[in-house]
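Next come the chains, spelled out residue by residue.
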Amino acid sequence: MSVPISDSGLQEIEDRAQAATPGPWHARFLDDVHAANLVAVSTTPDVKRGCRWPEWDGSELVAATLVQFPEPYVTGPDDRWDANAVFIAHARSDVPRLLAEVRRLRALLDEARHGDVGSDGSC
């Protein structure tokens, strides 16, 4: 069973989202001797798999889910680095959308609980 998120909990989530690098974010798949199959999250889209340095700018990268140079260095607990990068990239836009939807649904529930009267005075 999930634990309800309080209004202050929603605000904490929103604060973290707003403090992060602005979006949108994109999964990037970089491959050369400098990137060594780097799978990353970037502020710029991946135009093709296997982008090579210096075509990509490291300052555009927000996070990495796979780093293999000079040897497997950051690989994660499983082989889901591509899926993890896609998930993290989409979280940048998904989290604010989910927060807005939770607040919208809570407002509808609040209106239903209080039996708000219509603008013409009818119920």
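These remarks concern the structure in this document.

Definitions and cut-offs
Residues numbered from 1 in each chain as written. Predicted model: local features only at pLDDT ≥ 70, side-chain atom pairs only at ≥ 80, totals over all residues. Heavy atoms only, no water. Helix = DSSP H or I, 4+ residues; strand = E, 2+ residues; numbered from the N terminus. Buried < 20%, exposed > 50% of the residue type's maximum accessible area, 1.4 Å probe, protein only. Contact = heavy atoms within 4.5 Å. Polar contact = N/O pair within 3.5 Å; in protein donor to acceptor, adjacent residues only side chain to side chain. Expected span 1.5 Å × (residues − 1). Arc of directions from axis to C-beta. Salt bridge = Lys/Arg side-chain N within 4 Å of Asp/Glu carboxyl O.

1. Quick word on the overall build of the chain
Next, step 1: Secondary structure assignment for the chain yields 2 helices and 3 strands.
Next, step 2: The helix and strand sequence of the chain, counted from the amino end, reads α-β-β-β-α.
Next, step 3: Taken across its 123 residues, the chain has 20% of its residues classed as buried.
Next, step 4: Within the chain, contacts between residues separated by at least 24 positions form 44% of all contacts whose residues are at least 6 apart in sequence.

2. Observations regarding the environment of Lys48
Next, step 1: Within the secondary structure, Lys48 sits in the loop between strand 2 (38-42) and strand 3 (61-66).
Next, step 2: Each C-alpha atom of the pair Lys48 and Arg28 lies 8.5 Å from the other, and the pair is 20 residues apart in sequence.
Next, step 3: Residues contacting Lys48, with those up to four places away along its chain left out, are Phe29 and Glu55.

3. A word on unusual backbone geometry
A negative phi angle characterises most non-glycine residues, just as the trans form characterises most peptide bonds.
Next, step 1: Cis geometry is adopted by the peptide bond preceding Pro24, which originates at Gly23 and carries an omega value of 5°.
Next, step 2: Secondary-structure assignment places Pro24 in the loop between helix 1 (7-19) and strand 1 (26-30).

4. Focus on the side chain of Ser42
Next, step 1: Within the secondary structure layout, Ser42 lies in strand 2.
Next, step 2: A polar contact is formed between the side chain of Ser42 and the side chain of Arg28, at a distance of 3.2 Å.
Next, step 3: Not counting the four nearest positions on each side in its chain, Ser42 is found in contact with Pro24, Trp25, His26, Arg28, Glu60, Leu61 and Val62.

5. Considerations on helix 1
Next, step 1: For helix 1, spanning 13 residues, the distance from its first C-alpha to its last is 18 Å, which sits close to the expected 18 Å at 1.5 Å a residue.
Next, step 2: Here helix 1 has its buried residues at Gly9, Leu10 and Ala17. Seen end-on, helix 1 carries its buried residues on one side only, within an arc spanning 100°. Looking at helix 1, the residues exposed on the side facing more than 90 degrees away from the buried face are Asp7, Gln18 and Ala19.
Next, step 3: Each element contacted by the buried residues of helix 1 is listed here: helix 2 (81-114).

6. Considering the pattern of salt bridges
Side chains carrying opposite charge are able to pair once their charged atoms draw close together.
Next, step 1: In the structure shown here, the tally under the stated rule is 6 salt bridges.
Next, step 2: A salt bridge links Arg28 to Glu60, with the shortest nitrogen-to-oxygen separation between them at 3.4 Å. Here Glu60 lies in the loop between strand 2 and strand 3 and Arg28 lies in strand 1, a separation of 32 residues in the sequence.
Next, step 3: Of the charged contacts, one joins Arg80 and Asp78 as a salt bridge, the two residues approaching to 3.5 Å between their closest N and O atoms.
Next, step 4: When its relative accessible area of 54% is taken as the criterion, Arg80 is described as exposed.

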